[in-house]
Amino acid sequence: MKRISEGIYREGNKIYTKSIAPKTKVYDERIKKIKKDEFREWDPRRSKLSAAIMKGLRRIPIKSDSIILYLGAANGTTASHVADIAYKGRVYAVEISPRAMMDLMFVCEKRKNMIPILGNANHPEEYESLLEPVDLVYQDVAQKNQAEILLENCKKFLKREGYAMIAVKARSIDVAEKPSKVFARVEEKLKKNFNIIDKRRLEPYEKDHMFYLLKMK
Ligand SMILES: C[S@@+](CC[C@H](N)C(=O)[O-])C[C@H]1O[C@@H](n2cnc3c(N)ncnc32)[C@H](O)[C@@H]1O
């Protein structure tokens, strides 16, 4: 298996993270055993970060000791892979849906570096007291005001040298507009406060999604 970034491995056309919770699965992912280690296949059809990597994203600002704020953790699919990579760090996983939170709690129970937070990313003051300054704000909430949510959370929690990642779903912002026009509008907004370091369309894994790697100005 070839290491393509810290904590991320590739074999053939599949990518993997080394599991920090052996003998458990989060979303029925395939497990590959190499000696005593278990590697979890990271499915690009289930995770937008995996899709972005498959589409060529190589600058991935997640290290073994990174502190990450993950907004829109859902049932923990992507967040669990992020926690595999940042195994000596922490992943604060914010999710608004109580139903998804129930699944997420099981995922976090097996991973000491994942902290579940039932909260609304529109109101970062709700979870401010639980957080510390972070190296990365990751956001995948599929909401109309995604750019604003990202900015508010970055202003409050992101370290000066930190990064942001955002998966933008065109149809959540405007169902009628052409996705390329929606992305152009989102970029205009993002560029007021961020430098766009990389961006990847996620087809064929996700339709009408763009994934951005950003740094605050
Ligand atoms: C596309 S799903 C996220 C998938 C997840 N990032 C993954 O890859 O495993 C979007 C999630 O964002 C959550 N969400 C939507 N609005 C939110 C908000 N304002 N604050 C926190 N979570 C929110 C939804 O409940 C949903 O679970």
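Structure's up top.
Since this is a predicted model, take the numbers as computed values, not measurements. (Residues numbered from 1 in each chain as written. Predicted model: local features only at pLDDT ≥ 70, side-chain atom pairs only at ≥ 80, totals over all residues. Heavy atoms only, no water.)

A. Highlighting the sheet that holds strand 3 (residues 14–18). What the five strands build is an open sheet, ordered 1-2-3-5-4; its pairing is antiparallel. The strands lining the two open edges of the sheet, one partner per strand, are strand 1 (2–5) and strand 4 (31–34). Averaged over all adjacent pairs, the angle separating strand axes in this sheet is 40°, with direction ignored. Strand direction decides the pairing type here: strand 2 (residues 8–11) and strand 3, joined by four bridges, are antiparallel. Bridge pairing in strand 3 links tyrosine 9 to tyrosine 16. (Pairing = 2+ DSSP bridges. Helix = DSSP H or I, 4+ residues; strand = E, 2+ residues; numbered from the N terminus. Axes fitted to C-alpha atoms, helices over the stretch in contact; angles between N-to-C directions.)

B. Inspection of the pattern of salt bridges at higher detail. Using the criterion set out here, one finds 22 salt bridges in the structure. Here glutamate 161 makes a salt bridge to lysine 215, at a shortest N to O gap of 3.1 Å. Of this pair, glutamate 161 sits in strand 10 (residues 158–169) while lysine 215 sits in strand 12 (residues 209–216), placing them 54 residues apart in sequence. Here lysine 215 falls in the buried class, since its relative accessible area comes to 18%. Each of Arg171, Arg201, Glu203, Lys207 and Asp208 takes part in salt bridges that share partners, so that together they form one network. (Salt bridge = Lys/Arg side-chain N within 4 Å of Asp/Glu carboxyl O. Buried < 20%, exposed > 50% of the residue type's maximum accessible area, 1.4 Å probe, protein only.)

C. Structural context of the site of the ligand. Looking at the ligand, there are 16 residues lining it, with Tyr70, Thr78, Glu95, Ala121 and Asp140 nearest. Here an oxygen atom of the ligand sits 2.5 Å away from a polar atom, N or O, in the side chain of threonine 78. Burial of the ligand by the surrounding chains reaches 83%, relative to a free accessible area of 600 Å². Of the residues that constitute the shell around the ligand, the class distribution is five nonpolar, eight polar and three charged. (Near = heavy atom within 4 Å. Polar contact = N/O pair within 3.5 Å; in protein donor to acceptor, adjacent residues only side chain to side chain. Areas by Shrake-Rupley, 256 points an atom, 1.4 Å probe, with all protein chains shown as cover. Nonpolar A, V, L, I, M, F, W, Y, C, P; charged D, E, K, R; others polar.)

D. Quick peek at unusual backbone geometry. Omega for the bond connecting glutamate 203 with proline 204 falls within 30 degrees of zero, at 5°, which places this linkage in the cis form. For proline 204, the location among the structural elements is in the loop between strand 11 (194–201) and strand 12. In this structure, lysine 23 is a non-glycine residue whose phi angle is positive, near 70°. With respect to the helices and strands, the residue lysine 23 is situated in the loop between strand 3 and strand 4. The exposed category is assigned to lysine 23, whose relative accessible area is 75%. Of note, alanine 74 is a non-glycine position whose phi angle comes to about 50°, a positive value. Position of alanine 74 relative to the elements: it lies in the loop between strand 6 (67–71) and helix 2 (77–85). Judged by its relative accessible area of 33%, alanine 74 falls in the partly exposed class.

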